[in-house]
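# Structural features, examined
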Amino acid sequence: MQNGQEGRPAYRRDIDGLRALAVAAIVIHHAFPAVLPGGFVGVDLFFVISGFLITRILAGARDEGRFSWGGFYLRRARRIVPAYVLVTLVTVALAAWIEMPRLLAQTGAAAAASGLFLANVLAGQSPGYFAPSLQQNPLLHLWSLGVEEQFYLVWPALIALLSLGALRRARAGLALALLAASLVLAQAMVAGGGGVAAFFHLPTRAWEFLAGGILALGLVRPPGDSRAANLAAGCGLLAIAWSLVALNQASPFPGLGAVPACLGAALLVWSGQDATPGAAALLRAAPVVALGRVSYSLYLWHWPLLVLAADVAQQPLTIVQRLGVVALSLGLAVLTWRFVEQPLRRGPVDRPWRRLGGVLPLLLAPIVAGAALFLGHGLPQRLSPDARALADLEETDVNPARKACFEGADKASPDQCRFGAAPGVAPGPGGDQVLVWGDSHADAVTPGVVAWARARGWSVREVARGGCPPLTGVRVRVFGRLDRGCEAWAARTLDQIAADRRLTLVVLAARWPLYRDAPPFYDVNSPRVAVDAAARPGVRPELSAVLGATLDAIARRRPDLRVVVIGPVPELTLAPPECLAQQRQLGGRPDVCARVPAGPPLARAIPAEAAIRAAVEDRPGVVAVFPTDTLCRDDGCAGVIDGRPVYFDDDHLSASGARRLVPPWLDDGWRRLSAPLGAPTGRR
């Protein structure tokens, strides 16, 4: 805000202090999430501040008859656009140097959406703010600017309407009614499973702006004395502090969960209107005010630098590294404030629409740059031949039948997904000896199963469908809404098992932790899925129970059939091919891609392994093998063996990896299945 010249509201140091509190909460949360798990509410504080300041400008100008649409938007554009475009373009340039094609294409989409102030709409298509795929987006934080700019488009028109005639006397009350409606909508969506949309979109965030707006409209009179102001400020600080430490990424948000932070911000804004409260004196301290003045630029810089630094490191940043990134962000924020924000926000406001036409075209730069990256699929041609070959492994080192048998599973004919006993030899007409059943992880292990079966002169059939585990009696929904049709798919597969009398072995493989929502939920390709009992919608069954029921269903149809359950493949914290490609491109160390700390993968795998053990225990004709026994040793999980990635992303085995790893697993399982009754099997 500027000073009180030309009828504009007077500058308030405490509001810059509140901005400092907001940006500090966000930066600390992003750099050190364990310190302030609820630091994301700093955005909510900004929304309250913005609602108060913008409403004060709009209402004052309307009441004094001096409002100018062009002047309003010219000031907003000068305030926001220059630094916004600068940081976005620098981020895109750094990403083009650092990121591999898949991530760079996503960054391009985010840049183009950000140039249109639609970053929140793009993010709203994701599993959520804390989804790992979004956490790798260096422009994710611009979602809040999208919401704010959309508010700037809608609210001036509503203020104009509410300032007409008799409505003006009820203006504050009507704004309060809009606040209540927005809050009710937000809470209803959060409670009804629509938390992602509620988080990212204006209708469910509008109440936070209005929490500040109703103060500017005079719904509540300013505090009459310092005691009331001090009490309000103290309560406001406590409410914000509670939100910072009590909320986390699992908290229902932003409905009622956002009320304490927004109420706290509103109390601080209200307490500082006509008094100088001791409880909020810290907000007026010179260093705090200085931080508040550069808060916009600091917000813009900190997130891209943290994300891209972690991408370069291909492992969690150390405390020293994170402190260094924060310090760099602060230094860049000061420079941006001094040489971009301050010089460009000033200037004459006559002929505002013409002058606005000189500012808004700056937004074309991130739109064009982002579209080029997205439509160019991340510009793989910029990579060296060696780096590009590694980056392409996600497309080249996969099951050769993936497109027909997995991506086109619903349309595939039976013969397309049958693999002969020897290369180039079609399977016999009597059926197949091995059936691989599961989801994308089953498709990934199929090349290894085929290699193992061909050594025995057996043929293999693949039955794999994305997001459908080899489980009966369950309904799988993605992102809480989309039914994958897994129940009917499982029923058809059981019919095929019963009909194929030549069948000897069924191999069950899946991304088992996904179907029990096991933490930590860090993987970049993880969708949010919900598994319900088909007979009891809304009730999530235990994995051990539904796997046991599936094995019972197989045994009823084919008592002679043998089953090997391949347990969870360790889910890494990086994608080895992309990591190797990046290290090759940047001249880094490839050894950082070879192994990851075993803690996160095992924390995710072990509960699923326990469920599988419980389901197969003492069950004749069924054994389980566990990839973690091979891949996770000495406190690390391998993603590269003998210099070759055994994954094509961060959780699926590559075709070459499957051919190397799966045959020994099946050898072990088949040996135990073939042991005489009562003989030790070495079951793990």
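Here's a quick rundown of the structure. Residue positions are given per chain, counted from 1 along the sequence in the order it is written. Per-residue local features are limited, in this predicted model, to residues with pLDDT of at least 70; the limit for side-chain atom pairs, both in listing and counting, is 80 or more; totals at the level of whole chains, interfaces and linings are taken over all residues. As a rule here, side-chain values cover all heavy atoms of the structure and leave hydrogens and water aside.

### Considering the state of the cysteines
Disulfides are defined as cysteine sulfur pairs within 2.5 Å. Scanning the model with the defined rule gives four disulfides in all. The disulfide bridge from Cys-579 ends at Cys-593, spanning 2.0 Å between sulfur atoms. Taking the sign of the S-S torsion, -75 degrees for the link of Cys-579 and Cys-593, the bridge is left-handed. One end of the pair, Cys-579, is in helix H24 (residues 576-586); the other, Cys-593, is in the loop between H24 and strand E9 (595-597), with 14 residues separating them in the sequence. Since its relative accessible area comes to 1%, Cys-593 is described here as buried. Through a disulfide, Cys-632 is tied to Cys-637; the S-S separation comes to 2.0 Å. One quick way to see it: the torsion about the S-S bond of Cys-632 and Cys-637 is about 110 degrees, and its sign makes the bridge right-handed. Only DSSP runs of H or I with at least four residues qualify as helices, and only runs of E with at least two residues qualify as strands; both kinds are numbered from the N terminus onward. Using a 1.4 Å probe on the protein chains alone, a residue whose accessible area is under 20% of its type maximum counts as buried, one over 50% counts as exposed, and one in between counts as partly exposed.

### Quick notes on a nonpolar patch on the surface
Patch membership requires over 30% relative accessible area and the absence of a salt bridge. Like charges are linked within 9 Å, and nonpolar side chains (Val, Leu, Ile, Met, Phe, Trp, Tyr) within 5 Å. In short, Shrake-Rupley with a 1.4 Å probe defines the accessible areas, and a residue's cover is counted only from the protein chains shown. For this document, the term salt bridge refers to a Lys or Arg side-chain nitrogen within 4 Å of an Asp or Glu carboxyl oxygen. On the surface, Leu-153, Val-154, Leu-158, Leu-161, Leu-164, Leu-167, Leu-174 and Leu-178 cluster together into a nonpolar patch covering about 650 Å² of accessible area. For the nonpolar patch, the secondary structure elements donating two or more residues are helix H7 (143-162) and helix H8 (171-191). The element contributing the most residues to the nonpolar patch is H7, with four residues.

### Side note on the sheet that holds strand E3 (residues 460-464)
One bridge is not enough; two strands pair if DSSP finds at least two bridges between them. Taken in spatial order, the six strands line up as E1-E3-E2-E6-E8-E10 in an open sheet, and their pairing is mixed. Pairing within the sheet leaves two strands with one partner each, and these edge strands are strand E1 (418-419) and strand E10 (622-625). Here two bridges tie E1 to E3, and the two strands are oriented antiparallel to one another. Pairing of Arg-418 across the sheet is with Arg-461, part of E3. Any two residues whose heavy atoms approach within 4.5 Å at even a single point are treated as in contact. Throughout, an axis means a line fitted to C-alpha atoms (over the contacting stretch in the case of helices), and angles, computed between N-to-C directions, take values from 0 to 180 degrees. Packed on one face of the sheet, helix H22 (residues 486-499) meets strand E2 (434-438), E3 and strand E6 (505-509) and runs near 170 degrees to E2.

### Details of the pairing of strand E8 (residues 562-566)
Of all five residues that make up E8, four are buried, and the element is covered over most of its length. Here five bridges tie E6 to E8, and the two strands are oriented parallel to one another. Opposite Leu-505, over in E8, you have Arg-562 as the bridge partner. Where E8 and E10 come together, four bridges link them in parallel fashion. Directly across from Val-563, in E10, lies its bridge partner Val-622.

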